[in-house]
Amino acid sequence: MRKIAIIGGTGIYSPEALNGFEQKIVETPYGQALCNIGHMAGNQVIFITRHGVGHKTPPHKVNYRANIWALKSLGTEEIFATTAVGSLNPEMKAGHFVVCDNVLDFTKSRINTFYDTPERGVVHADFSYPYCPALREKVIKCLEKTDISFHKHGVYVATEGPRFESAAEIKMFAMLGGDVVGMTNMPEAILAREAEMCYTNCSIVTNMAAGISPTPLSHSEVVEAMGRSIQNMEKLITAFIAYNEPAEASCGCHEALKEFGGFKL
Ligand code: HPA
């Protein structure tokens, strides 16, 4: 049995398939996390709505540490996270899915580690490749069986938000090699790495980024575009949960902190 978590970003709040899941408030040293727990395709599945019920929590206020800690304490091994993104890359158009393979982190105010107290000590996790290669492979294999337009590679630029970016910032991110821009993949990805869980992302392009888009950006544009992709994302999530074959790629996510004696709850 796999122990899978889905972290649903903007627009991905309550997949149909979750009907009958048990809602549980999990207490963590960082606060509470609301988890929906159930079983699908022979696997334990936990669903977390990143922005909370009714999309009330902005990206810079999401309790990333509580969410990841809660998932770890429930035994999660694999995390599949969805995010809405703007695109800097003309090949990546609205409605396309991007299985990102690297990150540029421009967040500013967020606590990005579990290791910031004398009790927990000092840890420097390897983050050369932020996303688990084995989980990325599974997502790509699932996408290949659909008619969804997708990209196997992409660099995710994480911005602080909650404002959208300026046109000059987007120009800079593109020069640095960014492909898509969003506000939530960091610190989620590094916390999952510290907690020694496999983590992957599938981004949904909802708009061309600031200055590339011919019109000013709006949240309603993002939500409406997500609405058009929800069915595809639910299809992908369901296929991912049911994909019980082992990946060809191997990963060291489960021993990411070996050098430091492993992650401890
Ligand atoms: N910028 C940042 N986050 C986003 C965007 C964007 O253009 N679109 C969807 N999420």
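Rules used throughout
- Residues numbered from 1 in each chain as written.
- Predicted model: local features only at pLDDT ≥ 70, side-chain atom pairs only at ≥ 80, totals over all residues.
- Heavy atoms only, no water.
- Helix = DSSP H or I, 4+ residues; strand = E, 2+ residues; numbered from the N terminus.
- Rg over C-alpha atoms; globule rule 2.2 N^0.38 Å.
- Buried < 20%, exposed > 50% of the residue type's maximum accessible area, 1.4 Å probe, protein only.
- Contact = heavy atoms within 4.5 Å.
- Core = buried A, V, L, I, M, F, W, Y, C linked by side-chain atoms within 4.5 Å.
- Near = heavy atom within 4 Å.
- Polar contact = N/O pair within 3.5 Å; in protein donor to acceptor, adjacent residues only side chain to side chain.
- Areas by Shrake-Rupley, 256 points an atom, 1.4 Å probe, with all protein chains shown as cover.
- Lys, Arg positive; Asp, Glu negative; His and termini not counted.
- Salt bridge = Lys/Arg side-chain N within 4 Å of Asp/Glu carboxyl O.

With that out of the way, let us pick up the overall build of the protein chain. Along the backbone of the protein chain there are 5 helices and 11 strands. Expected size for 265 residues packed as a compact globule is a radius of gyration near 18 Å; at 17 Å, the protein chain falls within 12% of this value. Out of the 265 residues belonging to the protein chain, those deemed buried represent 52%. Contacts in the protein chain between residues far apart in sequence, at least 24 positions, make up 83% of those at least 6 positions apart.

Cys35, Ile68, Leu71, Ile79, Phe114, Tyr156 and Val180 are the most contacted members of the largest nonpolar core, which totals 39 residues. Every element with two or more residues in this core is listed here: strand E1 (3-8), strand E3 (31-40), strand E4 (43-49), helix H1 (64-73), strand E5 (78-87), strand E9 (155-159), helix H4 (185-194) and strand E11 (198-208). Cysteine 35 has contacts with Glu22, Gln23, Lys24, Val26, Ile46, Phe47, Ile48, Ala70 and Leu74, leaving out every residue within four places of it along the chain. Residues Val139, Ile148, Leu236 and Ile237 belong to the second largest nonpolar core, which totals 30 residues.

As a further point, take the site of the ligand. As a matter of local geometry, the ligand sits amid Ala84, Val85, Gly86, Phe164, Glu165, Val181, Gly182, Met183, Thr206, Asn207, Leu217 and Val222. Interatomic distance of 2.8 Å between a side-chain N/O atom of glutamate 165 and a nitrogen atom of the ligand. A distance of 2.7 Å separates a nitrogen atom of the ligand from a polar side-chain atom of asparagine 207. Contact with the protein chains covers 95% of the free accessible surface of the ligand, which is 260 Å².

Attention now moves to the side chain of glutamate 194. By secondary structure assignment, the location of glutamate 194 is in helix H4. Of the side chains with opposite charge, arginine 120 lies nearest to the buried glutamate 194, which makes no salt bridge, at 6.8 Å. At a separation of 2.6 Å, a polar atom in the side chain of glutamate 194 contacts the side chain of threonine 113. With residues near it in sequence (within four places) discarded, glutamate 194 still touches Asn112, Thr113, Phe114, Tyr115, Val123, Ala125, Leu257 and Phe263.

As enumerated under the stated definition, the model contains 10 salt bridges in all. A salt bridge links glutamate 144 to lysine 152; the shortest N-O distance between them is 3.3 Å. Residue class for glutamate 144 comes out partly exposed when judged on its relative accessible area of 45%. Residue lysine 152 is classed as partly exposed on the basis of its relative accessible area, which comes to 39%. The network of salt bridges with shared partners includes Arg2, Glu78 and Lys138.

Nothing here speaks to function; it is all geometry.
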